Amino acid sequence: MKFTLTIVLIFGISGALFAQSPGNVLERDTKVRADTNKLLDLIDVGRRLLHIRIRKPEQTEGKSVYFSALPFSNQVPGGGTALVTSTTAGFYLGDRADTYISRVTFTPYWNFKQRYGLPIRSSIWLPRNRWVITGDTRLMIYPQYTWGLGRQYKQDEKLLVNYSYIRFYQQALKRLARGFFMGVGYHIDYRANVRTNADEALLADYTKYPYGTGQKIDSYSSGLSFNTLFDTRNNSFNPLDGYYVSLQYRLNPVFLGNKNQWSSLYLDFRKYIRFDPTRERQNMLAVWSYLWKVIGNKVPYLDLPSIGWEDYNRSGRGFDQNRFRGRNLLYVETEYRRDITNNGFLGFVVFANANTVSGPKSTFLLSWNPGAGAGLRIKMNKKSGTNIALNYGFSKGYSGVKLTLGEVF
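What comes next concerns the included structure. As the structure is a prediction and not an experimental result, all values here were calculated from the model. (Residues numbered from 1 in each chain as written. Predicted model: local features only at pLDDT ≥ 70, side-chain atom pairs only at ≥ 80, totals over all residues. Heavy atoms only, no water.)

So, the overall build of the chain
Which entries qualify depends on this criterion: Helix and strand labels come from DSSP, where a helix needs a run of H or I of at least four residues and a strand needs a run of E of at least two; each type is numbered from the N terminus. Burial classification: accessible surface area is computed with a 1.4 Å probe over protein chains only, and a residue below 20% of its type maximum counts as buried, one above 50% as exposed, and the rest as partly exposed. It only takes one pair of heavy atoms within 4.5 Å for two residues to be counted as in contact. With residues, only the protein chains shown are counted as cover, and all accessible areas are computed by Shrake-Rupley using a 1.4 Å probe.
The secondary structure content of the chain amounts to three helices and 17 strands. Split into buried and exposed, the 409 residues of the chain put 55% on the buried side. Counting contacts in the chain only where the partners sit at least 6 residues apart, residues at least 24 apart contribute 62% of the total. Carbon together with sulfur atoms contributes 61% to the accessible area of the chain, which is approximately 18,600 Å² in total.

Okay, structure coming up:
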């Protein structure tokens, strides 16, 4: 009953927020490239193949909505494949000369059994970037593998954990200076009926961790966050240059429904370096790093920092999601991006990453887990800069292919 009521409440609030929001876009510190006539995307290819002529001139005030949709089958955490439909919408709620592009992403998946997910993520920039409002709402029914803490277990010693998951994150930040924002947020992580299979080990015995690992329990975390953001990227779909730095402190007090009080700190840094800013062709280096740590001795196991569980679940290419978990996690990644064709239709990336966590058999900052890989890019929508991203990643004991809309970071 509690799980059902939480679903109704969260999606009701989300609907009200979207219905009442007049628009949202952060102030733009660098102009987005407006002239896309020289570029080519899949929409152009379709028009040429079908001989479709567009007579209406392009609007320049930035009010258009740019959709990208991609149905595909993909591997999902916990094993097996699922039918995934990724849809993104990019739009401006103000003059594109001083307002960032807003973004809404809906990526439902289903494996034709009793496993599905309904994630909706949004980043809305109000006119002149006066406010930015971000949201992350998810309903997921699925099993996932876990490997305990640190390097407690090897790749093939994983344990399958079943549960239903609801996430509801909402944050509102106000611009205080050029590119600089501060604000607050509210966060719910609710995992219902956490359990392992009858013929496998209990989660508490497997992890040797006493909090949030009981059989058939509910794990509930509710907290307030205090956030700062410095963002000078021109486009979150496919950044060409600029910085992104965010700092979040989340407090989960007992009076908000938590069994024990605990808190977390999350610091995210990204830098985009173009080697030839005067040319339209992409030739750049992107760098990403984040530090995630928890404060308090009684943090639920599934709320501990874990690879692939940061805000957008994009970290750890070349690793299974959840492969490394601990009280402290540091992640670093660098990626070289380059166009193959002059019109930007095709491109490629090569990347390398590494992470370090605290826990058994793993010393934070001393024990590192490296990964690497490469990917192909196909321009889906040149107006929003959205790419189809096909990535192959590998690490010790694992390799995999992932298909997404938009750049990983």
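From this point, the discussion proceeds with the structure in view.
So, the packing of aromatic side chains
Applied cut-off: Ring geometry is summarised as follows: Phe, Tyr and Trp rings, the Trp one being its six-membered ring, pair when their centres sit within 6.5 Å, and such pairs are stacked at plane angles under 30 degrees, edge-to-face over 60 and tilted between the two. For a ring to carry a charge above it, either NZ of a lysine or CZ of an arginine must fall within 6 Å of the ring centroid while also lying within 35 degrees of the normal to the ring plane.
Under the criterion given, the structure shown has 21 aromatic pairs. Judged by centre distance (6.4 Å) and plane angle (35°), the ring pair of Tyr272 and Phe409 falls under tilted. Taken together, the positions of Tyr272 in strand β11 (residues 262–274) and Phe409 in the segment after β17 (398–405) put the pair 137 residues apart, joining distant regions of the chain. Residue classification places Tyr272 among the buried residues on the basis of a relative accessible area of 1%. Among the residues examined, Phe409 registers a relative accessible area of 3% and is labelled buried. Ring geometry for Phe275 versus Tyr336: centroids 6.3 Å apart, planes at 35°, classification tilted. With Phe275 in the loop between β11 and β12 (283–295) and Tyr336 in strand β13 (residues 328–339), this residue pair connects regions lying 61 residues apart in the sequence. According to the relative accessible area criterion, Tyr336 is partly exposed, its value standing at 22%. Pairwise contacts between aromatic rings join Tyr266, Tyr272, Trp288, Tyr290, Trp292, Tyr331 and Phe409 into one cluster. Over the aromatic face of Phe351 sits the side chain of Arg317, whose NZ or CZ is 3.8 Å from the ring centroid.

Side note on the pattern of salt bridges
Operational definition: Definition used for salt bridges: Asp or Glu carboxyl oxygen within 4 Å of a side-chain nitrogen of Lys or Arg.
If you walk through the whole model with that rule in mind, you get 15 salt bridges. The residue Arg337 makes a salt bridge to Glu335 at a minimum N-O spacing of 2.5 Å. By relative accessible area, which is 0% here, Arg337 ends up buried. Ionic pairing is found between Glu407 and Arg337, a salt bridge with its closest N-O pair at 3.9 Å. Highlighted residues: Glu407 in the segment after β17 and Arg337 in strand β13, separated in sequence by 70 residues. According to the relative accessible area criterion, Glu407 is buried, its value standing at 4%. Three or more residues are tied together by salt bridges with common partners; here these are Arg121, Asp136, Arg138, Arg167, Asp189 and Arg250.

Digging into the nonpolar core
What counts, and what does not: Buried residues of nine kinds, namely Ala, Val, Leu, Ile, Met, Phe, Trp, Tyr and Cys, make up a nonpolar core once their side-chain atoms join them within 4.5 Å.
Membership of the largest hydrophobic core comes to 38 residues, with the highest contact counts inside it found for Tyr142, Tyr163, Tyr165, Tyr290, Tyr301, Leu304 and Ile307. Mapped onto this core, the elements with two or more residues apiece are β6 (131–146), β7 (159–177), α3 (203–207), β11, β12 and β13. Per element, the largest residue contribution to this core is six residues, and it comes from β12. For Tyr301, the residues in contact, after removing those within four places along its chain, are Thr146, Gly148, Leu149, Leu203, Thr207, Tyr209, Tyr211, Gly212, Thr213 and Arg325. Among the nonpolar cores identified, the runner-up in size contains seven residues, and Val132, Leu173, Phe181 and Tyr244 belong to it.

Structural notes on the pairing of β11
The condition is simple: Two strands form a pair only when DSSP identifies at least two bridges running between them.
Direction of pairing for strand β10 (residues 242–252) relative to β11: antiparallel, over a ladder of eleven bridges. Across the sheet, the residue bridging to Arg250 is Ser264, located in β11. Of the strand pairs in this sheet, β11 and β12 are connected by twelve bridges, and their pairing is antiparallel. Looking at the pairing, Leu267 lines up with Leu291 of β12.

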